[in-house]
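# Tertiary structure, described
One letter stands for each residue in the lines below.
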Amino acid sequence: MTTPRRSGPSPALVLLISAVATAAVFLGILVLQVPAGTPAADYPSQISDQLANVWASFFPPVATTEQGRRTHDLYTLVFIIAAFVFILVEGLIVFAVVRYRRKPTDTELPPQIHGNNALEILWTAIPTAIVALLFVLSWQTLNVVDAREASPGEVRIQATAARFQWTFQYISSDDNQTVVYDQLTPEMVVPAGRTVHLALYSPDVIHAFYVPQFLFKRDVVPGKLNVFDFNVDPAMVPPGPEGATFKGQCAELCGAQHWAMQFTVRALEPKEFDAWLQAQIDAQSAKPSPAASGAPTGVVLELSAKEIAYDKTTLEAPADEPFAIKFSNNDAGVTHNVAIRDASGTEAFTGEIFPGVDSRTYAVPALPAGSYTFLCTVHPNMTGTLTVK
Amino acid sequence: MTADSQALTPVEHSPVSGLAHDARGGISNPVLGMLLFLVSEVMFFAGLFAAYFNVRAAAPEWPPAGYQDFLHVLPLAGPATAILVLSSFTCQFAVWAIRRDDRAGFVRNLTVTLALGIVFLIIQGTDYIVLWTEGLTLDSGIYGTTFYTMTGFHGAHVLGGVIMLSVVLYRGMVGQFSARHHDAVEAASLYWHFVDVVWIALFTTLYLLPGTQGGG
Amino acid sequence: MATTALDHAAPRYRTRSALYDWLTTTDHKKIGIMYVINSFIFFFIGGLLALGVRAELAQPGLQFMDESTYNQLFTMHASAMLFLFVIPMLAGFGNYAVPLMIGAPDMAFPRINALSFWMLPLGGILICSGFLVGGGAAQSGWTEYPPLSGAAFNPGSGTDLWLMAVTLIGTSSILGAVNFIATIFKMRAPGMTLFRMPIMVWTMLVTSVLVLLATPVLTSGLMMLFIDRNYGGGFFDPASGGVVVLWQNIFWFYSHPAVYIMILPAMGIISEVLPVFSRKPLFGYKAFIFATAAIGALGFSVWAHHMFTTGQVFLPFFSLMTFLIAVPTGVKMFNWIATMYKGQLTFQTPLIYSLGFLTMFLIGGINGAFHAAVPVDFALHDTYYVVAHIHYVLFGGSVFAVFAGIFYWFPKMTGRMLNETLGKVQFVLLFIGFNLTFFPMHQLGLSGMPRRIADYSSSAGWTDLNLVATIGGFIIAIGLLPFLFNVFISLRNGKPAGDDPWEANTLEWATTSPPPPYNFDHLPEIRSERPVFDARHGAATGH
C-alpha cells in the first residue's frame, strides 16, 4: 500500500484564489469601462449600471412582439431552473473536491460504497419530473408562438430572401392575393397591434428570417412556403412616422455574403402604417417608367457592382455643383443602388434600387465639400468613400 | 500479482477461442463479423428507402406525370427476381452440402449460384439499357434518380457478392473447406441472402406498390 | 507499483525495421497509438483553422481573407475536428484499451483493424486537398445543406472531395464498430462476464452500436448529394420533385447519434479515472450501464431538434425526447459525484482533467436544455449560443476527457510518466482560454449574432466580446505547447512507470508497461469489475 504523497496546495485554497482572481479581473474590467473623467462619487452607480448590463446579457433582448414576450418568459423560467441545477451540482462537485481530499493520515481505503438503489431512483425520478414540467410549459408557449388564425385587419406580406438581399411584397387581403406593393429597400414596414401574416419565399437556397428582438426565426426553404404570424406590441412603438426599428438578418448560411443579408423591421402605429402603405402605392403608380438616364449634368462618375461589391472604393466629386453617377448593376437578379451619407450619417442622396443586369444614371444634387460615404442600401457591406472638394 | 495465477489458462477457455470455430459454442467470429456488417448495410439501404418514401409522399402523383409507363414486371424485372431468389436456394444448398462434408455438392451448388447471380446482373444491365434509351435516365426528375440510385447500389452489392462467391468457389475447388472449417462459406452465404432480401424489398417497392394520384 | 518480468520463454518479435513494423502492424496497441497520433495531427489542423476564424472575427471588417475563404475555414474546422479528431481519437483509445481491459490478446479482426486506421490519413488528405482545387474546399458548413452545397451554387470539386472523404472515414468507423462489438462479445477472458466489464468497454460497445446503425445512413445521404451534384440527380431539388429538407433529416439521423459517439467513450474515460483517484469503486455501476444504453437509444429519437425552425418537423415529439435525454445524462453526473463522495482524492493530472470535464460538461448540458424548449430554440438556433453549447460539450467535455485519458494511459502505452507540473500548467491555460473563448458566445448568441458570418457591423455591439473570444482562442493554442513539450521530454526522460503507477482497478494494469504484443503473460482472477484492485487487496470485493 503506498503512502499518500506529500500534499500540494489544498483544493480549497486553489478554488478560493481562482474565484477571487476572477472576480478581481472582472471588476477591474468594469472599472476600466467607466468613461474617463467620471467623478469618483459616480463610480458605484456606473459599476452597478454595468453589472445590470452584464445580468441582462444572460437574457435575450426585451421582446417587441406578443409572441416574443411569451418566449422571453419561457426562457426566464428555464434559466431559473438551469441556474438552480448548476448551483446545486457544481456545489456538490466543489464540496467533494474540497472535503474529500486524501490526507497523509489516510492509509486505509475509504468505505467501498458500490451504489444505492434508492438514490438512483430519486435522481432519476426528480429530473424526469422537472423535464416533463419544462416540456409541458414549452409546449404551451409554442402553441401561442406558432398560432395562426386569420384575423380582421391582418396584414399579409411575403418576404423574398435571395442571395443576398431581402425584399418584401405587400399582398392584398382578398382571395386574389395580388402584390399591391413591392418594397425593394430591405425594410419591412408593419403596423403595431395588428397581426402580420408573413410568408417566406426563396428562389435559390435556404435562408432564415431572424429578428433578435422578436426572439424568433424561421427558415426560408426553397420549394416550401413557410408562414407565421406576429403582432408587434404597440407599447414598443412611439407615435409618429418614424416608429420603432428592429434589426434583422439572415440566419442560415447561404453563401459568401450571408453575413451581409441584413434587413430592418419598422413598426408604426396603425394609422401611420396605413398612410405609409397608401403613399407607397400612390408613388408606385405615379412613377414614370424608368428612363435610361436623364441628361447628365456636370461631372459623370462611373461605378459598377458585381458579386455584391462595388468596383471602386473611392470616388471624387466637385463641391457645390450637381453631378451624376452612372451606375451599372452587373449582378443578375440582385438589387443594388447607390446612396450617399454625410459624415454625421444623414442620408444626402438615395438612388433608385433596381435589379441587375441594368444601369441607371443618378442625378446627384450639389453637396458641400467634405468626406462622404457611398453605400448600397440593400447590402451594407458595399461601401466606399466619396471625397467632395 | 497473486501467486495462484501463474498457470496458463486451459485451452478451452483461452482468450483466443473466439477465433475460427468457437470451442465454447456460439457462432464464430467471422460469421458474427459478417452479421454485424450486414446490419450496417441494411441501414445504408434504409436511408435510400427513407429518401424514396419521403419524395414519393411529397409528390402530387406517383409515378410523376410522363413516367407512368416505364417500370414493368415483365419481361425483365420479374424473371430477374425469380432468378435471384432461386440463387439463394442454391446457395443454401451449398452451405448444407459443406456442413455435411459433401465437397462436390458444395462446388456444384455454388457454381449454379454464381451463374444465376451473373445472369441477374446481365438482366439488370439489359433493363437499364432499355429504360435509358426509352427516356428514363438519372436526371429524369426524382423518379429516375431514385430508381437508378436504389437499383444501382443494389446491383453494385450483387457484383460484390459475385466476386465474394467466386473467391469462395475457388477456395472450395482447391479443397480449403471441410465440415469443420468453412466459415467463409457461411459468411458469404449470409451476404448473398441479404442481397436477395434487399432485392425483394426493392422489387416490391419500385415495381409492385400501387401508384398515387393527386396525393402528397 | 509492481513490475512483471516477462516469462523467459515469451516469444520475441523481430521485424525488419521499426517503420516497417508500424506500417504493417495489426497489433491493436500500435494501431490505437497511431489513431491517437493521427487524431492529434488533425486536432492541430482543425485548431489552426479555428485560429483563422477567430483572427478574422476579432474586429469588424474583413482584414485577412475574403468571405469564401472564411466559409472554407469554419467548414473544414468542424469537419476536421469531428470526423478526423474526436471520433477517431476515442476509437483509438477504445482500440488500445478494450482488448486489454477484457483480457484478450487482440481485437477480433486485427487486419480489418489496420485497414480501419489507414483509411483515416487517406480520408484526411482527401478532405484537405479541397483547399488546392479551383473554388476551394467545402464551404457550406460541415452540415453541407443543399441547395447551397449543390452543383449550382458550389460547382468546384471541394465539396465532392469532402463527400468522398467523409464516406471513406465513415466506412473506417463502421468497420471499427464491427470489430469492437465482435471483440467484446467473443474475446473476453474467463470470469469477465458482461457485468464485470469496465465502463469504458460498455461505452465503447454502445458507441459501436450507434456507429453501426447511424453511419451508414449518413453514407446513403452522401451518395445522394454526390449524385445530385454530379449526375443530375434530383433528391434535394424541388424543381425535379425532390425535397430540400430530406438532406437535413438524413444528415441529422446520423449526426445526432454522432454526438453521442463523441461523448460516450469520453464518459467512459471519466468513469475509469474517477474511481481510481477516489480510491472507491464507481458508484452505481449498473445504473451507469443502463444510463449509457438509454442515451444510445434515445439518441436516435431526437434528430429533428436540429430542424425546429424548418417548419417541417413534428415539434412536440422531438422536444419531449430531447428533454428526456437529459435524465440519463444527469444520472451519470450524480453517480460520478457520488463516486468522489467520501473518497480520498489525489489531485493528479487525470483527475484534474476529469474535474474540468465535470464542470464544463455540466454547463454544456444545461445550455443544451434551453434548446429543447422549442420557442427558445426559435430565438437561439443558428446563433452563437449554439456554438457555445457545442464547444462546451465537445471541447469542455470530450477534449478534456481525452487529455484525462492521455495522462492516465500514457504510462501504460509508453512505460513512462508524463510530467505532472507541465500537465497542470497546460490545464490552467486550457481552462482559462477555453472559458474566455466560449463563455461570451452565450451573450453573443442571446443578443442576436448569427453563426457562420464572415463579418459583422461595428454598430452591432458584438466587437468587444469577439475580441475576448479571439484572445481566449490564442490562449488555448499557447496552452497546447506545454503538452507537446511534455510528450517530447517524457518519451525520452519520463519517470519509468512500472505496471501500475496509479494503483488502478482494471486489467490493463496487470501487465507490463508497455504490454507485450500478446498482452498478458497471466491474468489475475476476475470476480468483479476491479480485478486488479481485488488482486492488490487480496480479496474479491464484488459481484
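Bear in mind that the values here come from a model prediction, so they are computed numbers and not experimental data. (Residues numbered from 1 in each chain as written. Chains lettered and ligands numbered in written order. Predicted model: local features only at pLDDT ≥ 70, side-chain atom pairs only at ≥ 80, totals over all residues.)

### Quick look at the overall build of chain C
Within chain C one finds 17 helices and zero strands. In terms of overall dimensions, chain C is globule-like: its C-alpha atoms have a radius of gyration of 23 Å, near the 24 Å expected for 543 residues. Taken along its principal axes, the extent of the C-alpha atoms in chain C is 70 × 45 × 45 Å. Out of the 543 residues in chain C, the part that is buried amounts to 67%. (Helix = DSSP H or I, 4+ residues; strand = E, 2+ residues; numbered from the N terminus. Rg over C-alpha atoms; globule rule 2.2 N^0.38 Å. Buried ≥ 20, exposed ≤ 12 C-beta atoms within 10 Å, placed from the backbone.)

### Structural notes on the environment of Gly68 of chain A
All names here are of chain A. Along the polypeptide, Gly68 turns up in helix α3 (residues 66–99). A residue is classified by how many C-beta atoms lie within 10 Å of it, and Gly68, with 28 of them, is buried. As for Gly68 and Trp259, which are separated by 191 residues in sequence, their C-alpha atoms are 24 Å apart. When near neighbours in sequence (up to four residues on either side) are disregarded, Gly68 contacts Ala63, Phe214, Leu215 and Phe216. (Contact = placed C-beta atoms within 7 Å.)

### Here we look at the domain arrangement of chain A
Taken as a whole, chain A is organised into domain 1 (11–105 + 115–145), domain 2 (155–286) and domain 3 (300–388). The C-alpha centroid of domain 3 of chain A is placed 48 Å from the C-alpha centroid of domain 1 of chain A. (Domains from an automatic or database assignment.)

### Some words on the sheet that holds strand β18 (residues 358–364) of chain A
All names here are of chain A. The three strands are arranged β11-β13-β18 in an open sheet whose pairing can be described as mixed. Each of the sheet's edge strands pairs with one partner strand only, and the pair in question is β11 (300–305) and β18. Pairs of neighbouring strands in the sheet enclose a mean axial angle of 20 degrees, with direction left out of account. Bridge count between β11 and strand β13 (residues 323–329): six bridges; the pairing is parallel. Within β13, the position partnered with Leu301 by the bridge is Ile325. (Pairing = 2+ DSSP bridges. Axes fitted to C-alpha atoms, helices over the stretch in contact; angles between N-to-C directions.)

### Focus: the sheet that holds strand β7 (residues 216–220) of chain A
Residues and elements named next belong to chain A. Pairing within the open sheet is mixed, and its five strands lie in the order β4-β10-β9-β6-β7. Each edge of the open sheet carries a strand with a single partner, namely β4 (187–191) and β7. Pairs of neighbouring strands in the sheet enclose a mean axial angle of 25 degrees, with direction left out of account. Note: strand β6 (residues 207–211) against β7, five bridges, orientation antiparallel. Paired with Val211 across the bridge in β7 is Phe216. In the packing of helix α5 (residues 270–286) onto the sheet, contacts are made with β4 and β10 (262–268), and the angle to β4 comes to roughly 130 degrees.

### Observations regarding the pairing of strand β5 (residues 195–201) of chain A
Residues and elements named next belong to chain A. Burial runs high along β5: five of the seven residues are buried. In this sheet, β5 lies alongside strand β1 (residues 155–162) in parallel orientation, the contact comprising six bridges. Within the sheet, the bridge partner assigned to Thr160 lies in β5 and is Tyr201. Bridging between β5 and strand β8 (residues 226–231) involves six bridges; their strand directions are antiparallel. If you follow Val196 over to β8, its bridge partner there is Phe230.

### With respect to the interface of chain B and chain C
The extent of an interface is frequently quoted as the accessible surface area lost upon association of the parts. Each partner contributes to the interface: chain B provides 35 residues, whereas chain C provides 41 residues. Broken down by secondary-structure element, the contributors of at least two residues to the side of chain B that touches chain C are α1 (29–58) and α4 (141–173) of chain B. Tallying contributions element by element places α1 of chain B first for the side of chain B that touches chain C, with 18 residues. Grouping the amino acids of the side of chain B that touches chain C by side-chain chemistry returns 19 nonpolar, 14 polar and two charged. (Nonpolar A, V, L, I, M, F, W, Y, C, P; charged D, E, K, R; others polar.)

### Here we look at unusual backbone geometry
At the junction of Trp62 of chain B and Pro63 of chain B, the peptide bond is cis and its omega measures out at -5 degrees in the coordinates. Omega for the bond connecting Ser513 of chain C with Pro514 of chain C falls within 30 degrees of zero, at -5 degrees, which places this linkage in the cis form. Along the chain, Pro514 of chain C turns up in the loop between α16 (463–493) and α17 (531–537). With a phi angle near 60 degrees, Arg452 of chain C is a residue other than glycine that sits in the positive phi range. Residue placement: Arg452 of chain C occurs in the loop between α15 (440–447) and α16.

### Some details on the packing of helix α13 (residues 384–414) of chain C against α15 of chain C
Residue and element names in this part refer to chain C. Here α13 crosses α15 at 150 degrees, and the two axes come no closer than 6 Å. For the element pair α13 / α15, the angle class is roughly antiparallel. Seen from α13, the contacting residues are Tyr384, Tyr385, Val386, Val387 and Ala388; seen from α15, they are Met441, His442, Leu444, Gly445 and Leu446. Its residues assigned to classes, the contact of α13 with α15 comprises eight nonpolar, two polar and no charged. (Parallel < 35°, antiparallel > 145°, perpendicular 65-115°, else oblique.)

### Section: α4 of chain B
One full turn of an α-helix is made of 3.6 residues, so residues set three or four places apart face in the same direction. The end-to-end C-alpha distance of α4 of chain B, which contains 33 residues, comes to 47 Å, matching closely the 48 Å that a straight helix rising 1.5 Å per residue would cover. Once α4 of chain B ends, the next one or two residues include Gly175 of chain B, with phi positive near 85 degrees. (Expected span 1.5 Å × (residues − 1).)

### Points about the interface of chain C and chain A
Counting residues at the interface gives 72 residues for chain C and 74 residues for chain A. Elements supplying a minimum of two residues to the side of chain C that touches chain A: α3 (67–101), α7 (244–278), α8 (285–298), α9 (315–324), α10 (326–340), α11 (349–372), α12 (374–380) and α15 of chain C. With eight residues, the single largest contributor to the side of chain C that touches chain A is α10 of chain C. Here the side of chain C that touches chain A is built from residues that sort into 43 nonpolar, 21 polar and eight charged.

### Description of the pairing of β13 of chain A
Here is the key point about a regular strand: its side chains alternate between the two faces of the sheet. Residue and element names in this part refer to chain A. Burial of β13 is extensive: five of the seven residues sit out of reach of the surface. Note that β13 and β18 share seven bridges and pair antiparallel. Looking across to β18, one finds that Asn329 is bridged to Asp358.

### A word on the environment of Val402 of chain C
Residue and element names in this part refer to chain C. Structurally, Val402 can be placed in helix α13. Considering only alpha carbons, one finds Val402 and Leu90, 312 residues apart in sequence, at a separation of 7.5 Å. Apart from residues lying up to four places away in sequence, Val402 is in contact with Met89 and Ala266.

### So, the nonpolar core
Residues and elements named next belong to chain C. In terms of nonpolar packing, the biggest core is built from 333 residues, with Ile102, Val201, Ile270 and Ala404 touching the most fellow members. No other element matches the 24 residues that α7 contributes to this core. If sequence neighbours within four positions are ignored, Val201 has contacts with Val98, Met101, Ile102 and Ile184. (Core = buried A, V, L, I, M, F, W, Y, C linked by C-beta atoms within 7 Å.)

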